[in-house]
Amino acid sequence: MNLSDLKVECGKKGFNLSDFQIEQFETYIRLLQEWNEKMNLTAITEYNEIVEKHFFDSIKPLLDGRICGKLCDVGSGAGFPSIPMKIVDNTLDVTILEPLNKRCTFLNEVINKLNLNNIKVINKRSEEFVSEKRESFDIVIARAVANLSMLSELCIPHVRVKGYFIAMKGDKGIEESNDAKNAVDILGCKLEAIDDYKISDFRRINLIYKKVKNTPNKYPRQFSKIKKSTL
């Protein structure tokens, strides 16, 4: 997949990318390749693979129509999925949570070079940041961060009631969803939809949870406790 193909896919869903947006994606590819030579950002470095396996995969939930308003990307790494989403839909109000300082430096460089606005990078762990922005986001999303039972406790406390938690998973997504049912219920969400698709030969499963009640104030716990004993 190249950027022309990406433009076509976005157009099918009503997102008509301008030449400027295509240039933003091109700059993002260049920065990703350059910075990856001095720090470990991604194992995917070939142009077409970046477009398909990072960019298209990142914007897939956006194209499905649930993403709007205030979005929090937990453990963004190299900026996925939130920066490609922000390029496609500049109306999004994006907060990126990234605990590693050197990745935050990269993310801020990308934001500056792409002239993105209404997007900020927070160098904190999710369970630390929740005291500042508890249940304040329309969408909380995470892509390949941690096992879903752990990830739910790190993400759902940030979601407002009637908002969404979206976990972007690989081929074990259904299995993880089954294992995390108790945690998700305790934290206040219900599974609303499953998006099961393929990127090249890789199965991708996006789990879409709706927040139906407030998360009990005792969650999230400290990360050491979450890791030691999942809900």
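All values reported here derive from a predicted model rather than from experimental measurement.

Draft legend 1. Quick peek at the nonpolar core. Among the nonpolar cores identified, the biggest contains 50 residues, and L6, Y28, F55, I83 and F106 are the most heavily contacted of them. Residues within four places of F55 in sequence aside, it is in contact with L3, L6, F25, Y28, I29, I50, F80 and P84.

Draft legend 2. Representation of the pattern of salt bridges in the model. In total, this model carries 17 salt bridges according to the counting rule given. For K60, the salt bridge goes to D195, with nearest N and O atoms at 2.9 Å. Taken as a pair, K60 in helix α3 (residues 47-63) and D195 in strand β6 (residues 189-199) lie far apart in primary sequence, 135 residues in all. Between D185 and K190 there is a salt bridge, with the nearest N and O atoms lying 2.9 Å from each other. The partly exposed category is assigned to D185, whose relative accessible area is 31%. Several salt bridges converge on common partners, so that one network encompasses D57, R143 and R204.

Draft legend 3. The arrangement of the pairing of strand β2 (residues 93-97) in detail. Summarising burial for β2: 4 of the 5 residues are buried, a large majority. In this structure, strand β1 (residues 70-74) lies alongside β2, joined through 5 bridges in parallel fashion. Each bridged residue has a counterpart across the sheet, and for L71 the counterpart in β2 is V94. With respect to chirality, the unit in which β1 leads through helix α4 (residues 82-88) into the neighbouring parallel β2 is right-handed. In this fold, β2 hands off to helix α5 (residues 101-113), which returns the chain to strand β3 (residues 119-122); that crossover is right-handed.

The rules we used
- Residue indices follow the written sequence of each chain, beginning from 1 at its first position.
- The model is predicted, so local features are restricted to residues of pLDDT at least 70 and side-chain atom pairs to those at 80 or more, both for listing and for counting; the totals for chains, interfaces and linings are taken over all residues.
- Based on all heavy atoms of the structure, the side-chain values leave hydrogens and waters out of the count.
- As used in this record, nonpolar core signifies buried Ala, Val, Leu, Ile, Met, Phe, Trp, Tyr and Cys residues forming a set joined through side-chain atoms within 4.5 Å.
- Each residue gets one of three labels from its accessible area relative to the maximum for its type: buried under 20%, exposed over 50%, partly exposed in between, using a 1.4 Å probe on protein chains only.
- Should any heavy atoms of two residues lie within 4.5 Å, those residues are counted as being in contact.
- Any carboxyl oxygen of Asp or Glu that lies within 4 Å of a side-chain nitrogen of Lys or Arg is treated as forming a salt bridge with it.
- Working definition: helices are DSSP H or I runs of at least four residues, strands are E runs of at least two. Numbering for both runs from the N terminus.
- When DSSP finds two or more bridges between a pair of strands, those strands are recorded as paired.
- Look down the strands so they point away from you; if the path from the first strand over the helix to the second goes clockwise, the crossover is right-handed.

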